[in-house]
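Okay, here's what each chain looks like letter by letter:
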Amino acid sequence: MSAPSTSFESLCRALAQGALVLTVNKRLARALRSRFDAWMLESGGEVWGTPKIQGLNTWLLRCAGDLDEDAGLLSESASLYLWERVIEAEAAGSELALLQVPASARRAQEAHRLLVEYGADLSGHPLSDDHRAFLRWRAAYIDACRRGAWSDSVLLPERIAAALADGRLTPPAQVFVAGFDDPPPRLTRLCAALEGVGCRVTAWSGLLPAPGACLRTAALDAEHEVRMAARWARRLLEEDAPRIGVVVADLQQRRRLVERVFREELAPDSLIDLEGAEERFNLSLGSPLAELGLVTAALDLLGLSGRISLDSLSFFLRSPYLGGAQREGAVRARCDRKLRAGRRESFSLTHPPAGIAASVPEFSAILAALATASGGRRRRSLGEWMAAFGELLAAVGWPGERPLGSLEFQALKVWKERLLPAVIELEPVSGLVERDAALDLLRRLARETTFQPETPDGPVQVLGLLESAGLEFDHLWVMGLTDEIFPAPARPNPFLPVPLQVACAMPHAGAERELTFARALRDRLSASAPTVVFSHPLKEGEVELRPSSLILDFAAGTPLLAGSAAPLAVLEGVSPPLETLCDESGPPLAAARAVGGTAILKDQALCPFRAFARHRLAARGLEHPEPGLDAATRGSLLHRVLENFWRETGDQAALIALSEEALDGRIAGTVARVLGERFGEEAQAPLCRIEGQRLCALAREWLEAEKGRTPFVVHGLEEQRTVVCGPLTVDTRIDRVDLLPGGGRLIVDYKTGRVDLNDLLGERLLEPQLPVYAGEESAETLAGVAIAQVRRGDCLFKGVAAADDLLPKISAFAGSKAAEKAGLNDWPELLERWRDQLAELGGEFTRGWAAVAPVAPDKACKFCDLAPLCRIDETLADDEEAES
Amino acid sequence: MSAPADAQARLRAIDPERSFIVQAPAGSGKTELLIQRYLRLLATVRRPDEILAITFTRKAAGEMRGRLLRALREALDPAPESAHQRQTWELARAALARDARQGWNLLDNPSLLAIQTIDSFNAALTRRMPWISRFGAMPAIAEDPFSLYREAARRVTGRLDQGGAGSAETALLLEHLDNRMDTLQEMLVAMLARRDQWLRHLGRVKSERQRELLERSLADFVGNRLSAIKALLPADCRDELLELGRYAAGQLDAEARPLCRCAGLTEFPGTAAAALPDWLALADLLLTSTGTFRLRLDKNGGFPAGKGEAAARKTQMLELLERLRAVVGLERALAELRRLPDMRYPDGQWQVLQALVELLPLAAAELWLVFRQEGQVDFAAVALQALAALGGADDPSELLLRLDARLSHILVDEFQDTSYLQYYLLGHLTSGWQPGDGRTLFVVGDPMQSIYLFREAEVGLFLRARARGLAAVPLERIDLCANFRSQQGIVDWVNAVFAGLFPAEEDEALGGVVYAPSAAVHEMLPGPACAVHPFALRDDAAEAERVADLAEQALAEDAGGTVAVLVRARTHLTGILRVFSARGLRFSARDIDPLERRPAVRDLLALTRALLHPADRLSWLSVLRAPWCGLTLADLEALCGGDGGRLVPELLEDGDRLAALSADGRRRLERVGAILRRARARHGALPLRQLVEGAWLALGGGACCDGAARKDTARVFALMEECDHGGDLLSLDALDEGLARLFAAPDSGADGRLQVMTIHKSKGLEFDTVILPGLGRGPAGGDRHLLRWLEHPDCGLLLAPVPALDGYARDATYEAIGRLEAAKQDLESLRLLYVAATRAKSRLHLLGHAAPDKEGVPRPLAGSLLGRLWPVLGLHFVFSAAEAADQEGEPAARTPPTIRRLPADWRLPLLPSLSLPAVVRARQASGHGDQESRLELFTGWEAETARHVGTLCHLYLERIAREGLERWTPERIAGEASAGQRRLARLGVPAAELAEGWNKVAAALLGALAAPRGRWILGAREGAACELELSGRINGELLHAAVDRTFVAEGIRWIVDYKIVACQGGREAFLAGQIERYRPQLVNYVALMSRYDGAHPVRAALYFPLFDGWRELD
Ligand code: SF4
């Protein structure tokens, strides 16, 4: 190869005369082509033959076509897939499944390529299990190629070189190679072959004759660094600078950051219009296609089978990419809220909850279509699967009714024109596969396919270190140059012995090679533009970073930056102070009767705001799915069991009269009935069976406790009353009323949690249900009110009674410790106090009193989801730690 | 500064030939020591990566690397003055000389220095062993592994319904746990998070025979305790004890009590576990039922009242009791006897244990599959696989290959916080090392500062390595004692206090560390070094005020000094931070305030949920109440009151409702409503962050935030990027779950002089003044685990499953292990105090409360740090009654809270986007309009195949023209069938359509070859070219074009464009339609060509080889 040439002028002349330029990638080919066009236009050309500028790989493939050798050529991705199959076949037998097959395949494929390119082999090196595994896979891979009569694209450069040598291919007269920072052996050998048949081969570097003015600058952290570069670019743009390059050493990690910060600084208004407008800079890396909403929805839809979790059901109910998403939108949202209230984690796809069919018929039809789509064990070709997927998607109305925006439209195009063909391309290698395998492949390729929205070839280009090869800029910023990245740590291929890699000087084999490479890269970058800024972040989180020592020789300084145009920076200083407003009361209630029962009073007692928000504004959060049976369901099951039991049994005497077996039998029967009512067929499922056992044991334990009481007759169950509390009228229902021997009545409420008697007797009436119900009774007829705490190992009554011995371990209220603490003398006084308290609460609620004043944070706020609305955190931070 | 007292030891520690274990108490400057040794080693090795340094955190690794590089760089400068610095400088010079000789280029290539955390070392190991480690390639480390654990737990318990492995076990456990599926899953999650500890044990517990083994451990444990008691009992009491026991037993009526057994005791019980009942008999003799030495003796205890022998025996017993009471620890040890585990597992418990032994590995296996699916793992997985990979190497040469480098020297920092897993890893790394073979191990740490029990740190391992070496490597002990950090007053105080509190003897099992005193290098400062501030009752507000006073005072006294408030638990800071804020004290707090509770964060979450879910009424209401909108309660009621059925977005469109609002409310809603509507319409089309951030900015979210709130919201936005699932969330709660593990950003306006943090976070830091509040507060409640286990150095593995959740069950084994854990915890809390106290350079303040008990004597809360210090600090807690009463404060009167909001007329300022210069951009001359390609996208699959068929036809037509018509016979085309189909497949045509596709290609080619028109086009001609690519400017526009075929015939330059479509409908109409469709393209071609070939008139046409169609452009 003759000495590298740098002049673009001479390159253009040669191109005009039909010379061939081979570039490291398509990006450089495109860039050179447009520079050539510009040169042509400048020099007055009107029409010209398009110059021959091609990526090296494209050219090789073309040559293969000319040789008629392209038909059996295994494409890069098909070859990779073959490696995966080979590896999977072996890994299937091992104890622990290989975690990342595709990534292993990539490394193994690379190892294979290295061996071929460097003409190396492993003999003579001591081998580890990893090396041996690779050799096995490689043998299997070569064998598979042979059996399928595929030619391995790794061997292509060799074959082209051979064809050139023996005259089957006519060489071009002159070839330039451009943009190879680290020319691979295949290129070197190809060039030798070309020169061997009389072709003139020249390397073209695209560098300036002398290095530009270089500056080194430090940034606080990665974000600050990107922002400085963006503001620098903005200033240059304001001055109409034509070609601005920003090279990011770790672009892969910083892609999103770069995209966002550049958008903030160059086009802040596009943040707000939400249109996803064209960017004002060109970023060389795209995002994975799979991340786009439209594609995610499609992949998720195709992935459904068997059971559907509440989370994904909810996801589809709100997805805009399904049929009927607009027409049924609001109903779907409501339907989701209802489903969530059931808190179940998942549903069978074939028998979705009945509510769906009734409220959202279109959606229900979609589920039905999805339910029938699963493929079972049937094996088909990838093409057939993709066609089937397409049909299924069409059947569920994908991609929805909303008119597609430009980004969505482009994504759909990539899905169809790049993704699906990429899957089908693997068909010859894959053979027939099951549906899941086909879907996995689709999903994976969707993750690997990058989506780059169309952007104009604007003046600002953001690229990675290697992509910048061969490009020339007027201004260049290179960032991320810490001593950990630049030079990069060695990254030898794990499937080849390291000494072998070092001996062959394979890429990334050792630190020495990386250092040489980094130095060359630095020199190339500093000669790519008349002014170059090198920058490095000082910190990453808590970890301090140091600049690469390779840039220490450049003068330190800060380049000129434009003022930040990011919205938050613009807002700085121009935002008016916030108003403050004391707003503790809503309008009075129009009607005296309120829906919501005693819960209103309870909420009012716990926190007035809560009562207002819940019962006036209907503020409700969405529920979350819970594993197994949630506490509310279990509580209501127990209530039903005890209710049914007492309906059948009637009084304590009947309870005691039952023999052990009869009692157990009756309990078991009741439990079975209750479960059947509640769960239907599912009552036979293991979880329900276990719940049945639990209920039986718990009911039994409770009833044993009831046996020890003074005799009683169960007088009422689930009775409803309408009660007046001050200005407010509420409906209430009570679990049970017992009649005691003297004719006194005992009001009972079951609770499965721990109970605090203070909630009945405290200053604020936190447990108003019993008092509300008691409010209708007189002090003479009412013998007591009690909460029945039904808990394993802790079954007891808590409450207050008019006299001793009415309830186990509860003495007469008058003169009791509780009475003393509450400052009351006797039973009638307590009833009076309750009436006052209830009237007060009712009054507060009717007035609209809505102060954010929780009784005690751990009592009220701990079980309240309204914090975002009441803004309690703004006023005080509570302390949840409880001490024993 | 003169040489420190331990200068000799420090010199010895640099010796590159020997292995050491260094105890480096707080402030002893161990990092410098590590650097010096590293430099010294560098001068001896062949390659720098023969040295491996392992640090505890990434930050520490970064610091060490930084200091090492600085030392190397400074070695290029002239020698420094001070002798101490000079030593480092000389070591660095020697290292540099080595560097130059070996050509390492360390300064340019610092990645050669292997300074890593154990996690990154493990990762590097597995990266080198893709197959052996079964990772394939290093997977990403999950940000939130708990979501993965949850998924695995869900899957494994999901087997309940499916039958098969794990189903019966799940059922059994559910019954055991009161059918609490949520509890079971949570417990499994907790277990999965710690599987690096139990996984290796479970293999041992598979069979019934193992039951024996485990029960033997239990017996050994009992025996171990009995030996301890026996050692405590004064030998000269034994006979008397036996005698009195026999007497007392004889006095009892035939009652079934442990004491009765004394009757048959002829000799003093041994320490085998079987002797436990005898011991219990003795305990019954000595202790009351509550476990204290008997003070009174009566008939029930075997000492009836009476004269003569009865009286004598009684007196004798009382005297004996008196003597035994004086033996420290005896009472507790005897009482503990009653709570020792059973030596057999009750059958029910054994079943549960077996179910766990089955189920837990299944859960771990499910976890692996979850990892596989997500491509993410946790740190434990990396550590486990790295260990397995190293452990699997049977001979040293294989190990060497796997390590891929000769490790000659290993340095480990913070060795006191080593876990079993890391300990084993070090064992593997050093296997085969011989003393004197040039390889050395150097571990540094301070057992007194081991405070990561909750992360499995086992300080006992430090003690073990010091006593017996690490694996095969014997370690020489070096103790540092110089303290370069604190003034003498502090050092003296710490020495005085902790020497008495730390245990007198080392205890590997529980992590008992003996105190090692320090010697101050800095002189005593005037004034008291340490002050105790006692409170009689818990009063967080009063304590907080005092903390603020102390902080203000310290800041004022020393203008450059730093002050740190250190607490055991984050929650202890709540009150203090409130007072700081109220007083305008600015502070930096790291990882203290949970992010999810910040109002700005809540608002942002509500906005996100509202945009994603129209029926999330709470979020919608919150959005309308948030500062950017700030609707009053009255307006909210007017809008949404009494209508829980309709969705808020629907109500926002309801004119009547809007009309009922106040004028101010209407104005606010108009602005906000429009933005919400616009954003909702873009749901899914943009990444979640972009959607929400755009709406948030437009609403004025940014204008409602101060600096700290902006940082907080920035973290939420970052989290949104992480959780994004196609512009939405996979689970609506995903964000909230992610937030739960984040903390608010520190105040950016603080100068860093006042800091608040947990004691754990303060490790390795130093401050002029340290304030330790809340010492009187109790510890957080511990979790119940499915399984408790303990690796006891003397007794082996102790294992017990959780007792049934039925309100009754107790399990002695489970509780006994729990008590051991508690004992470890107790020792650790002392070390925590040591760490806290040694952060101080000049002053230390201790604050805490001890409430009076029934007798009015102040007593610290059990488990509080103050309780640990009580023997020393108790004397400070003397309160007069008045003082105590004084401290009972009145609750403050309520100040009505206010809400904050933007003014109603707020508008977002103009955001200055750049307009860019129009760039010349080449267009494909064949490009369709946007509209047309949009339509094409919705045509079916066939269109794709047709496209590929067209592509292949073009390729073949080009070849035919290039090679010459005569070489292409119908036979040859038939012979191309297989290659042609493969080519179609490569283009992406599905197998099922290959044959048909090829037929079409062949038909086109044959058609062209057969027809005179086709032969005319393809034949050899003047100026002919295929796929001729032209560029040029037409009407000011840059065009690129590829012409299928061009030639000159009869003086005319022809341009032919192939179209591979069949004729649909009438030929004439079809051709007319086609030429119209492609007219713009052909016109462009003609324009380009006529400038390219000025010599001939240019004409263009479409050619349809499938039906020999031809239509010229007119
Ligand atoms: S979170 Fe607390 S303050 Fe807010 S509404 Fe609920 S109970 Fe009241």
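Conventions used here
- Residues numbered from 1 in each chain as written.
- Chains lettered and ligands numbered in written order.
- Predicted model: local features only at pLDDT ≥ 70, side-chain atom pairs only at ≥ 80, totals over all residues.
- Heavy atoms only, no water.
- Helix = DSSP H or I, 4+ residues; strand = E, 2+ residues; numbered from the N terminus.
- Expected span 1.5 Å × (residues − 1).
- Buried < 20%, exposed > 50% of the residue type's maximum accessible area, 1.4 Å probe, protein only.
- Polar contact = N/O pair within 3.5 Å; in protein donor to acceptor, adjacent residues only side chain to side chain.
- Phe/Tyr/Trp six-rings, centres within 6.5 Å; stacked < 30°, edge-to-face > 60°.
- Lys NZ or Arg CZ within 6 Å of the ring centre and 35° of its normal.
- 1 Å grid on protein atoms, 1.4 Å probe; cavity = no way out; pocket = protein on both sides within 12 Å on 5 of 7 lines; lining within 4 Å.
- Points joined across faces, edges and corners; volume = space filled by probe spheres on them.
- Near = heavy atom within 4 Å.
- Nonpolar A, V, L, I, M, F, W, Y, C, P; charged D, E, K, R; others polar.
- Contact = heavy atoms within 4.5 Å.
- Buried area = accessible area lost by both parts, 1.4 Å probe.
- Salt bridge = Lys/Arg side-chain N within 4 Å of Asp/Glu carboxyl O.
- Pairing = 2+ DSSP bridges.
- Core = buried A, V, L, I, M, F, W, Y, C linked by side-chain atoms within 4.5 Å.
- pLDDT = per-residue confidence, 0-100.
- Axes fitted to C-alpha atoms, helices over the stretch in contact; angles between N-to-C directions.

## Section: helix H31 (residues 707-723) of chain B
Residues and elements named next belong to chain B. The end-to-end C-alpha distance of H31 is 25 Å, a good match for the 24 Å that 17 residues give at a rise of 1.5 Å each. Within the sequence span of H31, burial applies to Ala708, Ala709, Arg710, Asp712, Thr713, Val716, Phe717, Leu719, Met720, Glu721 and Cys723. Measuring from the side-chain oxygen of the N-cap residue of H31 to the backbone nitrogen of alanine 709 gives 2.9 Å; that N-cap residue is aspartate 706.

## A few points about the packing of aromatic side chains
Throughout the structure, instances matching the rule amount to 44 aromatic pairs over all chains. Between the aromatic rings of Phe315(A) and Phe316(A), the centroid separation amounts to 5.6 Å while the plane-to-plane angle is 70°, which identifies the pairing as edge-to-face. Look at Phe316(A) and you get buried, because its relative accessible area is 2%. Put simply, the rings of Trp83(A), Phe134(A), Trp137(A), Tyr141(A), Phe495(A) and Trp131(B) pair up and form one aromatic cluster. The ring of Trp131(B) has Arg134(B) lying over it, and the distance from NZ or CZ to the ring centre is 4.0 Å. Geometry around Tyr814(B) places Arg788(B) over its ring, the cationic atom sitting 4.1 Å from the centre.

## Quick word on empty space enclosed by the protein
Taken as a whole and assessed by the stated rule, the structure comprises 11 cavities of 30 Å³ or more. The wall of the largest cavity is formed by 15 residues, among which Val852(A), Cys870(A), Pro897(B), Thr898(B) and Ile899(B) lie closest to the centre. If one sorts the elements of the lining of the largest cavity by residue count, helix H36 (residues 872-875) of chain A sits on top with three residues. Considering only enclosed or pocket space, the second largest cavity measures out at about 70 Å³ in volume.

## Things to note about the site of the ligand
Residues and elements named next belong to chain A. Around the ligand, the surrounding shell consists of Cys607, Phe609, Arg610, Val852, Pro854, Ala860, Cys861, Cys864, Leu866, Ala867, Cys870 and Ile872. Those elements that provide at least two residues to the shell around the ligand are helix H25 (608-615) and helix H35 (867-870). For the shell around the ligand, the class distribution of residues is 11 nonpolar, no polar and one charged.

## Here's the deal with the interface of chain A and chain B
Listed as interface residues are 183 residues of chain A and, on the opposing side, 183 residues of chain B. Here chain A packs against chain B, burying approximately 15900 Å² in sum over the two surfaces, 56% of which is carbon and sulfur. It is Leu99(A), Leu274(A) and Arg318(A) in chain A that bury the most area against chain B; as a group they hold 5% of the surface buried on that side. The tally of links between chain A and chain B comes to 22 salt bridges. For Arg983(B), the salt bridge identified is with Asp68(A), shortest N-O distance 2.5 Å. Counting across the chain A and chain B interface gives 60 residue pairs in polar contact (both at pLDDT 80 or more). Top element by residues in the side of chain A that touches chain B is helix H18 (residues 406-424) of chain A. It accounts for 11 residues. Considering only residue class, the side of chain A that touches chain B consists of 88 nonpolar, 30 polar and 65 charged. Pairing of strand E24 (residues 579-581) of chain A with strand E23 (residues 899-901) of chain B, which is carried by three bridges, proceeds in the antiparallel orientation. Bridge pairing in E23(B) links Glu579(A) to Arg901(B).

## Digging into unusual backbone geometry
Residues and elements named next belong to chain A. Note that the residue after tryptophan 398, namely proline 399, is joined by a cis bond; omega there is 0°. Summarising the element assignment, proline 399 is placed in the loop between helix H17 (382-395) and H18. Here phenylalanine 486 and proline 487 are connected by a cis peptide whose omega angle stands at 0°. Despite not being glycine, aspartate 240 shows a phi value in the positive range, around 65°.

## Concerning the nonpolar core
In this structure, Trp398(A), Trp415(A), Leu442(A), Leu607(B) and Trp628(B) are the most contacted members of the largest nonpolar core, which totals 172 residues. Apart from residues no more than four positions distant in its own chain, Trp628(B) is found in contact with Asp603(B), Leu604(B), Leu607(B), Val623(B), Arg671(B), Val672(B), Trp696(B), Leu699(B), Gly700(B), Gly701(B), Cys704(B) and Leu902(B).

## Here we look at the confidence of the model for chain A
Residues and elements named next belong to chain A. Overall, the predicted model of chain A reaches an average pLDDT of 90, with 98% of residues at or above 70. Per-element confidence in chain A is highest for strand E19 (residues 475-479), whose mean pLDDT is 97, and lowest for strand E1 (residues 2-5), whose mean pLDDT is 58. Low confidence marks residues 877-884, where pLDDT is under 50. Its contacts with residues over four positions away, or in another chain, come to 21 contacts.

## Description of the sheet that holds strand E28 (residues 782-789) of chain A
All names here are of chain A. An order of E25-E26-E27-E28-E29 is seen for the five strands of this open sheet, with the pairing classed as mixed. Each edge of the open sheet carries a strand with a single partner, namely strand E25 (713-725) and strand E29 (796-801). Across this sheet, the average inter-strand angle for adjacent strands is 35°, counted without regard to direction. Contacts between helix H26 (residues 631-649) and the sheet are confined to E25, strand E26 (728-739) and strand E27 (745-751), with E25 contributing the most and set at about 120° to the helix. Strand contacts of helix H33 (residues 827-847): E25, E26, E28 and E29, with the helix running at about 65° to E28, the strand carrying the most contacts.

## Some words on helix H30 (residues 688-699) of chain B
All names here are of chain B. Helix length check: H30 (12 residues) gives 16 Å between terminal C-alpha atoms against 16 Å at 1.5 Å per residue, within 8%. Counting buried positions along H30 yields 11 of 12 residues, so the element is predominantly enclosed. What H30 keeps buried is the set Leu688, Arg689, Leu691, Val692, Glu693, Gly694, Ala695, Trp696, Leu697, Ala698 and Leu699. A positive backbone phi angle near 110° is found at glycine 700, which sits one or two residues after H30.

## Examining the sheet that holds strand E16 (residues 754-758) of chain B
All names here are of chain B. The sheet built from six strands is open, its strands ordered E11-E20-E17-E12-E16-E13 with parallel pairing. At either margin of the open sheet sits one strand with a lone partner, and together these are strand E11 (530-535) and strand E13 (588-589). Helix H22 (residues 540-557) rests against E11, strand E12 (563-567), E16, strand E17 (767-772) and strand E20 (840-849) of the sheet, and its axis sits at about 165° to E20.

## A closer look at the side chain of Glu637(B)
For Glu637(B), the position within the fold is in helix H26 (residues 633-640). Assessed through its relative accessible area of 18%, Glu637(B) is described here as buried. Setting aside residues no more than four positions away along its own chain, Glu637(B) makes contact with Pro587(A), Phe612(A), Arg616(A), Leu617(A) and Arg657(B).

## Here we look at the confidence of the model for chain B
Residue and element names in this part refer to chain B. For chain B, mean pLDDT is 88; residues scoring 70 or higher make up 95% of the total. Helix H25 (residues 617-625) holds the highest mean pLDDT among the elements of chain B, 97, whereas helix H37 (residues 930-937) holds the lowest, 49. In the model, residues 928-932 has pLDDT below 50 throughout and makes five contacts with residues more than four positions away in sequence or in other chains. Overall fold confidence for the complex sits at a pTM of 0.91, while the interface term, ipTM, reaches 0.94.

## Brief notes about the pattern of salt bridges
The final tally for this structure, using the stated rule, is 168 salt bridges over all chains. Two residues, Lys707(A) and Glu704(A), come together in a salt bridge whose shortest N-O distance is 3.2 Å. Residue Lys707(A) and its partner Glu704(A) are both found in helix H29 (residues 686-707); the two are separated by three residues, about one turn of the helix. Residue class for Lys707(A) comes out partly exposed when judged on its relative accessible area of 22%. Relative accessible area serves as the criterion here: at 33%, Glu704(A) is assigned to the partly exposed category. One salt bridge in this structure joins Arg313(B) and Glu243(B), with 2.9 Å as the shortest N-O distance. With Arg313(B) in helix H14 (residues 309-325) and Glu243(B) in helix H12 (residues 238-251), this residue pair connects regions lying 70 residues apart in the sequence. For Glu243(B), a relative accessible area of 35% translates into the label partly exposed. The structure contains a network of salt bridges with shared partners spanning Asp68(A), Asp70(A), Arg959(B), Glu963(B), Arg972(B), Glu976(B) and Arg983(B).

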